[in-house]
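# Report on the structure
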Amino acid sequence: MTTATPTTAITDIATLVTNDPSLGEGPLGLIRDAAVVIDGDRIAWVGESSKAPATDNRVDAGGRAAIPGFVDSHSHLVFAGDRTEEFNARMSGRPYSAGGIRTTVAATRAASNNVLHANVGRYVAEARRQGTTTVEIKSGYGLTSQDEARALTIAAAHTDEVTFLGAHIVAPEFADDPAGYVDLVTGPMLDACAPHARWIDVFCEQGAFDGDQARAVLTAGKERGLIPRVHANQLSYGPGVRLAVELGAASADHCTHLTEQDVDALAQGETVATLLPGAEFSTRSTYPDARRLLDAGVTVALSPDCNPGSSFTSSMPFCVALAVREMGMTPDEAVWAATAGGARALRRTDVGRVSPGARADLALLDAPSHVHLAYRPGVPLVSAVWHGGTLT
Ligand SMILES: [Zn+2]
């Protein structure tokens, strides 16, 4: 006896972004008047609505657009408290520095597991309502072996994409001994954390970790089977991007201050440049130049970088709009970066596309075209989200 899961056809989609050029027009593989068939947690069929096969259930999209669920490859969701006062002060003229993270470290250490679980769940749900169906979550507000391992365990309850960021800043207890903190991160803390994470990250920046320290952290992580990703070149020029490419990192994140050598390294390597325009928006800083990266042939991803200090937004549509308005991306490029680009940054082939075999993650927009994500900024266009075949 076989048990078949009920199949569902979503029909009358005005514009479907598949991100599979073999299925439709252009790099986004656009199909007009499209339908998508979902079987269990997978996409079973994609094509013109008039040719859709018979299914158990049918959902009429009513001429809306559909896109792959957004793939958010960079978030810091395991934290307690917020930093409203810091933001308010910064918007009154005080510059951002990496030190504000310590405020969140203190609040996070003091919080119960239940509080942290509830916070992560709330932000993941908030992102989901805005079309995000895959989210990476980092630690980095514990900065002791026990608190970092706790953060990773909590993150792992909400996602498969868990990143150990013990090297976010030097823990306050090691303010006078940064080398001692690097020894902790690459030693006992890594022992406690490696079993709970897929990725290792480091904030390579003045005031955080220099190139040699970042190299030590990432190399130790690689030896334990973790794959590197790097907070690189956010606040200043530095070695982060070239280190990321050299060590085969999946992603160099921020990429705001880049030399020609940095751009060349990204263009020649496998490392995705993940741009986080919410951070520049929320700190009144200069945006990264996405146009320059794209013209050089670099693979670009977008993420909101949701965190309580420098970018307290979970909204990928907001980042798509910023990328188009402020970073020289076309609407098509920005939507690709927020979906397929994020999947590349997480080395995932089962998400970021709507094509047969992919996980059934898609968002329906209350608009006839994905271009409206940039054309109608700030408008809540996401009207329905399927995650693993389930309408959420
Ligand atoms: Zn970050």
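Residues numbered from 1 in each chain as written. Predicted model: local features only at pLDDT ≥ 70, side-chain atom pairs only at ≥ 80, totals over all residues.

The protein chain is annotated in an unreviewed UniProt entry as Imidazolonepropionase of Streptomyces endocoffeicus. The UniProt entry for the protein chain carries the following text under Catalytic activity (unreviewed entry): "4-imidazolone-5-propanoate + H2O = N-formimidoyl-L-glutamate". Annotation of the protein chain in UniProt includes, under Pathway (unreviewed entry), the sentence "Amino-acid degradation; L-histidine degradation into L-glutamate; N-formimidoyl-L-glutamate from L-histidine: step 3/3." (UniProt positions renumbered as here; feature names shortened; annotations may be inferred.)

Looking only at helices and strands, the protein chain has 14 helices and 17 strands in total. Here the C-alpha atoms of the protein chain give a radius of gyration of 21 Å, agreeing with the 21 Å that 2.2 N^0.38 yields for 392 residues. Seen through its principal axes, the protein chain has C-alpha atoms that stretch 70 × 50 × 40 Å. Burial analysis of the protein chain (392 residues in total) assigns 55% to the buried set. Relative to all contacts within the protein chain whose residues are 6 or more apart in sequence, the contacts with residues 24 or more apart total 69%. (Helix = DSSP H or I, 4+ residues; strand = E, 2+ residues; numbered from the N terminus. Rg over C-alpha atoms; globule rule 2.2 N^0.38 Å. Buried ≥ 20, exposed ≤ 12 C-beta atoms within 10 Å, placed from the backbone. Contact = placed C-beta atoms within 7 Å.)

So, on to the UniProt feature "binding site: Fe(3+)" (unreviewed entry) in the protein chain. Within this structure's numbering, the places UniProt gives as "binding site: Fe(3+)" (unreviewed entry) are H74, H76, H231 and D305. Over a stretch of 232 residues, the named residues converge on one spot in the fold, their C-alpha atoms separated by at most 12.2 Å. Assignment of secondary structure puts H231 in strand β11 (residues 227–232). Mapped onto the elements of the fold, D305 is located in the loop between β14 (300–302) and α12 (316–326). Note on D305: 29 C-beta atoms within 10 Å, which makes it buried. When neighbours within four sequence positions are excluded, D305 is seen to be in contact with H74, S75, L276, G278, A279 and S311.

So, about the UniProt feature "binding site: 4-imidazolone-5-propanoate" (unreviewed entry) in the protein chain. Per the UniProt record, "binding site: 4-imidazolone-5-propanoate" (unreviewed entry) is found at R83, Y141, H168, Q234 and S310. Tracing the chain through its elements places R83 in the loop between β6 (70–72) and α1 (84–90). Exposure remark for R83: the 20 C-beta atoms within 10 Å place this residue in the buried category. What R83 contacts, discounting residues up to four positions off in sequence, is G100, T103, T104, P308 and G309.

Here we take up the nonpolar core. Residues V36, A66, V78, V217, V320, A323 and A334 are the most contacted members of the largest nonpolar core, which totals 128 residues. Among the elements that take part in this core, helix α13 (residues 331–345) stands out by supplying eight residues, more than any other. No fewer than three residues from each of domain 1 (7–69 + 353–391) and domain 2 (70–345) sit in this core. Ignoring sequence-local partners within four residues, the contact set of V320 consists of L302, A334, V335, A338, L373 and A374. (Core = buried A, V, L, I, M, F, W, Y, C linked by C-beta atoms within 7 Å. Domains from an automatic or database assignment.)

Moving on to α12. Burial runs high along α12: eight of the 11 residues are buried. Residues of α12 that are buried: M316, P317, C319, V320, A321, L322, A323 and V324. Just beyond α12, the residue with positive phi is G328, at close to 75 degrees.

Moving on, we come to helix α2 (residues 101–110). Listed as buried for α2 are I101, T104, V105 and T108. The buried residues of α2 occupy an angular sector of 105 degrees when projected down its axis, which confines them to one face. (Arc of directions from axis to C-beta.)

Two numbers describe how helix α5 (residues 178–186) lies on helix α7 (residues 211–223): the axes approach to 9 Å, and their chain directions differ by 15 degrees. In terms of orientation, α5 and α7 fall into the roughly parallel class. Like other packed secondary-structure pairs, α5 and α7 cross with a definite hand, here right-handed. Residues V182, V185 and T186 of α5 pack against Q213, A216, V217 and A220 of α7. Counted by class, the contact of α5 with α7 contains five nonpolar, two polar and no charged residues. (Axes fitted to C-alpha atoms, helices over the stretch in contact; angles between N-to-C directions. Parallel < 35°, antiparallel > 145°, perpendicular 65-115°, else oblique. Left-handed = near helix turned anticlockwise from the far one by under 90°. Nonpolar A, V, L, I, M, F, W, Y, C, P; charged D, E, K, R; others polar.)

With that settled, the discussion passes to the environment of P331. Locating P331 in the fold gives a position in helix α13. Through-space distance from the C-alpha of P331 to that of R150 is 39 Å; in sequence the pair is 181 residues apart. In this structure P331 touches V324, H370, V371, L373 and A374, once residues within four positions along its chain are discounted.

This brings us to the domain arrangement of the protein chain. The domains assigned to the protein chain are domain 1 (7–69 + 353–391) and domain 2 (70–345). Taking the mean C-alpha position of each, domain 1 and domain 2 sit 30 Å from one another. The partner domain 2 presents 19 residues to the 20 residues of domain 1 that form the contact. Those elements that provide at least two residues to the side of domain 1 that touches domain 2 are β5 (65–68), α14 (372–375) and β16 (382–387).

Interaxial distance between helix α3 (residues 113–129) and helix α4 (residues 145–156) falls to 10 Å at its minimum, and their mutual angle equals 45 degrees. The angle between the axes of α3 and α4 places the two elements in the oblique class. When the axes of α3 and α4 are compared, the crossing they make is right-handed. Two secondary-structure elements touch here, α3 through N113, L116, H117 and V120 and α4 through R150, I154 and A155. Residues belonging to the contact of α3 with α4 are distributed by class as follows: four nonpolar, two polar and one charged.

The next subject is the pairing of β5. Pairing between strand β1 (residues 7–16) and β5: two bridges, direction parallel. The partner of T15 across the bridge, within β5, is A65. (Pairing = 2+ DSSP bridges.)

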